[in-house]
Amino acid sequence: MTTPHLGGRGTGMPAGAGAAPHLTETDTDVDTGTGTDTDTTSATVITSSTAAMSATAGEAPDPRRWLILAIASAAQFLAVLDLIAVTIAFPAIGQDFAPAPASALSWVLNGYTVVLAALLVPAGRLADEAGRRRCFLIGMVLFGLASAACGAAPTLALLIVARVVQGAAAAVLIPTSLSLALPAFPARERATAVGVWTAVSAVAASSGPVLGGLLAAVDWRLIFLINVPVVLLAVGAGGRLLPRSVRGPRQALDLPGTALVLVCVGALVTAFVEAPEWGYTAPATLAVLAAGVLAGVLGVRHVRRAEQPVVHPVLFRTPGFTPATLGLLSYFVAYGAMMLAASLLFTDVWHYSVRTAGLAMAPWPLTVLVVSVVSGRIVGAIGGRMTAVVGALCFVAAALWWIVLAGDGSGGTHYAVRFLPGLVLAGCGTGLYQPVMFAAAGSLPSRQLSLGSGVLMVSRQAGTALGVAVLVATMGGRQQPDLGALRGGWIIAAVTSAVAVAAALTLRRSGEGRG
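A quick note: this is a predicted structure, and the numbers were derived from the prediction, not measured. Note that residues are indexed from 1 along each chain, following the sequence as it is written. Side-chain atom pairs in this predicted model are given and counted only at pLDDT of 80 or more, local residue features only at pLDDT of at least 70, and totals for whole chains, interfaces and linings cover all residues. Hydrogens and water are ignored here; the side-chain numbers use all heavy atoms of the structure.

Explain the pattern of salt bridges to me, please; I cannot follow it from the model alone.
Side chains bearing opposite charge may pair, as long as their charged atoms lie close to each other. When a carboxyl oxygen of Asp or Glu lies within 4 Å of a side-chain nitrogen of Lys or Arg, that pair is called a salt bridge. A full pass over the atoms with the stated rule returns 3 salt bridges. Two residues, Glu129 and Arg125, come together in a salt bridge whose shortest N-O distance is 2.5 Å. Here Arg125 and Glu129 lie together in helix α6 (residues 107-130), a separation of 4 residues that amounts to about one turn. With a relative accessible area of 21%, Glu129 lands in the partly exposed category. For Asp128, the salt bridge goes to Arg132, with nearest N and O atoms at 3.1 Å. Every helix listed is a DSSP run of H or I at least four residues long, and every strand listed is a run of E at least two residues long, numbered separately from the N terminus. When accessible area is computed with a 1.4 Å probe and restricted to protein chains, residues below 20% of their type maximum are described as buried, those above 50% as exposed, and intermediate ones as partly exposed.

What am I meant to see in the side chain of Arg125 here?
Residue class for Arg125 comes out buried when judged on its relative accessible area of 12%. Within polar-contact distance, the side chain of Arg125 engages the side chain of Glu129 at 2.5 Å. We define a polar contact as two N or O atoms separated by no more than 3.5 Å, with the added condition that, inside protein, one atom must be a possible hydrogen donor and the other a possible acceptor, whereas residues neighbouring each other in sequence contribute only through side-chain atom pairs.

For this particular structure, what's the right way to read the confidence of the model for the protein chain?
Detailed conclusions should not be drawn from predicted coordinates in areas where pLDDT is low. Per-chain confidence: the protein chain averages 79 in pLDDT, with 83% of residues scoring 70 or above. Contacts from residues 1-58, a stretch scored under 50 in pLDDT, to residues over four places away or in other chains number 158 contacts. A low-confidence stretch, residues 510-515 stays under pLDDT 50, and its non-local contacts, those more than four residues away or across chains, total 25 contacts. Scored from 0 to 100, pLDDT reflects the predictor's confidence in each residue. Residues are treated as being in contact if the distance between any of their heavy atoms lies within 4.5 Å.

What's the story with the nonpolar core in this structure? I'm lost.
When a protein is soluble and globular, its nonpolar side chains tend to lie buried together. In this structure, Leu159, Met338, Phe346, Trp364, Phe419 and Trp490 are the most contacted members of the largest nonpolar core, which totals 141 residues. Top contributing element to this core by residue count: helix α15 (residues 321-349), with 16 residues. Excluding residues within four positions of it along the chain, Phe419 makes contact with Ala342, Leu345, Phe346, Trp350, Trp401, Trp402, Ala406, His414 and Trp490. We define a nonpolar core as any set of buried Ala, Val, Leu, Ile, Met, Phe, Trp, Tyr and Cys residues linked to one another through side-chain atoms lying within 4.5 Å.

How should the packing of aromatic side chains be read in this particular structure?
Each pair of aromatic rings is reported with the distance of its centres and the angle of its planes. Side-chain rings of Phe, Tyr and Trp (the six-membered ring for Trp) are treated as a pair once their centres are within 6.5 Å; stacked means planes under 30 degrees apart, edge-to-face means over 60, and tilted covers the remaining angles. Inspection of the entire model under this criterion finds 22 aromatic pairs. With centroids separated by 5.5 Å and ring planes inclined at 65°, the aromatic side chains of Phe316 and Phe321 adopt a geometry described as edge-to-face. Members of the aromatic cluster, connected to one another through ring pairs, are Trp197, Tyr331, Phe332, Tyr335, Trp364, Phe395, Tyr433 and Phe438.

Help me understand the environment of Arg221, please; the structure alone is not making it clear to me.
Among the secondary structure elements, Arg221 is positioned in the loop between α9 (187-218) and α10 (222-225). C-alpha separation for the pair Arg221 and Ala92, spaced 129 residues apart in sequence, amounts to 9.6 Å. Leaving out residues up to four positions away in the same chain, Arg221 has contacts with Asp96, Phe97, Cys150, Gly151, Ala152 and Ala153.

Looking at this model, I keep getting lost on unusual backbone geometry. Mind explaining?
Keep in mind that most residues, glycine aside, have a negative phi and that most peptide bonds are trans. The omega angle of the peptide bond from Ala98 to Pro99 is 5°, so this bond is cis rather than trans. Along the chain, the position of Pro99 falls in the loop between α4 (90-96) and α5 (102-105).

What am I meant to see in the packing of α6 against helix α12 (residues 255-278) here?
For any two helices packed against each other, the geometry is given by the interaxial angle and the distance between the axes. Between α6 and α12, the shortest axis-to-axis distance is 8 Å and the interhelical angle comes to 150°. On the basis of their axis angle, the class for α6 and α12 is roughly antiparallel. In this structure, α6 meets α12 at a crossing whose hand is right-handed. In contact with Trp107, Asn110, Thr113, Val114, Ala117, Ala118, Leu119, Val121 and Pro122 of α6, α12 contributes Thr258, Val261, Leu262, Val265, Gly266, Val269, Thr270, Val273 and Glu274. Per-class residue counts for the contact of α6 with α12 are 12 nonpolar, 5 polar and 1 charged. For helices, the axis comes from a line fit to the C-alpha atoms of the stretch in contact; other axes are also lines fit to C-alpha atoms, and the angle between any two N-to-C directions lies between 0 and 180 degrees. Every angle not falling under 35 degrees, over 145, or within 65 to 115 is termed oblique; those three ranges are roughly parallel, roughly antiparallel and roughly perpendicular. A crossing counts as left-handed when the near helix is turned anticlockwise from the far one by less than a right angle, and as right-handed when that turn is clockwise. We call Asp, Glu, Lys and Arg charged. Ala, Val, Leu, Ile, Met, Phe, Trp, Tyr, Cys and Pro are nonpolar, and the rest, Gly among them, are polar.

I tried to follow a nonpolar patch on the surface on my own but got confused; where do I start?
On the surface, a nonpolar cluster with roughly 320 Å² of combined accessible area is contributed by Leu369, Val370, Val373 and Val374. As for its position among the elements, Leu369 is in helix α17 (residues 363-373). Each patch is built from residues lacking any salt bridge and having more than 30% relative accessible area; the joining distance is 9 Å for like charges and 5 Å for nonpolar side chains (Val, Leu, Ile, Met, Phe, Trp, Tyr). We get accessible surface area from the Shrake-Rupley algorithm with a probe of 1.4 Å; when it comes to residues, only the shown protein chains can shield them.

Listed below in structure tokens is the structure:
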């Protein structure tokens, strides 16, 4: 959510990305003209979109912008929460559907994860063309219906089907939520807005184990049913407050490109999440991984040659977007490994209960919440690039702290002295790095905001899944990891966080505050 290429001193925003206080797809239609998707026209779109937004820089900010952000953040919270909280309910779900095999039960989580990751890019493209407000509201209704179906599912098969539908709905909600919120904010506030959006995601991820444990202790179905009233409120408020939009210029549907994206992302994420169950060198794992890599190679070749590809190469020629994509992938590998390693340390090494472990993780999201809210001012003071560098370095420092100081024992002073400072450092890193890098979507032409957001979200989903898979691999398949295995995960996190630092260093300095 960040702004790698900054267009004004102290704004922390890309050139032209946040100048217009309120921009809808109607404005996009004027900017894009014919909708022809050649390289030349795409470059013209960027120029004309930037000029149009710059022309309106003097307009007053949209008075509804914080309410729009609240609605967008609610969608993000639900999508992330349902990814995390369900893991805590696995034992209870297994008891209800006994004697279901663990391999089948795992698809209650994996069906959501794989479908969400695979559909993010096509869903973002669809939203840019069909209208973000329309797609957001349809996605929210579908998410609510799927949640109700999950809560009422009489069989495991129906629960898995409902989770797949839920994942598809989340794939629509996540990129459209960011692309609906960003244009409503002027440049000076956009980094703060993205910081709030990031904080909501981090709080959802970190509070998932606590909320999931509390609800599962009563009835695991409440984890899904609790979504329904939130969805009803969000749909009602969204229908009144979200900016109205019209369809973007029609383009031919890139069926081969869409299929290659689905196979590539879906196969890679499936290989990551199933490798611990199938075996890292099992034929099934290697075959699915190979299919994903092959689809990726063919996909890159296709988008270079196609006239109207599902993901146009111009996205990655937009200043800052490629470093943001690669930086987020590296960062979330570290994030996934660090989050799981911390949870396993609390539950399996220090023998905390699930609820206590969730509370022990709380300083991380709380720090994110505080830092993200002031991230806009930090970007204004030192620039987007330096803010991202400091954030990634905080993540490196957190991993190094745990490698050196996290010890055995039962917790107590071990937690307060040896682990808590690392959680605070990780929270600072999250609150500083993610807003800058995710705001790279704002540097894109307005007609590609949802698509660009979807690409960045794929980095998040794939990186997190890979981080978890790599950590599990370092544990050697052991159910009860020892401290040495967890340290291996923190070493991986330190290395990938260093790669995220390198990605942040490649962001352009042009127009950055004083950084």
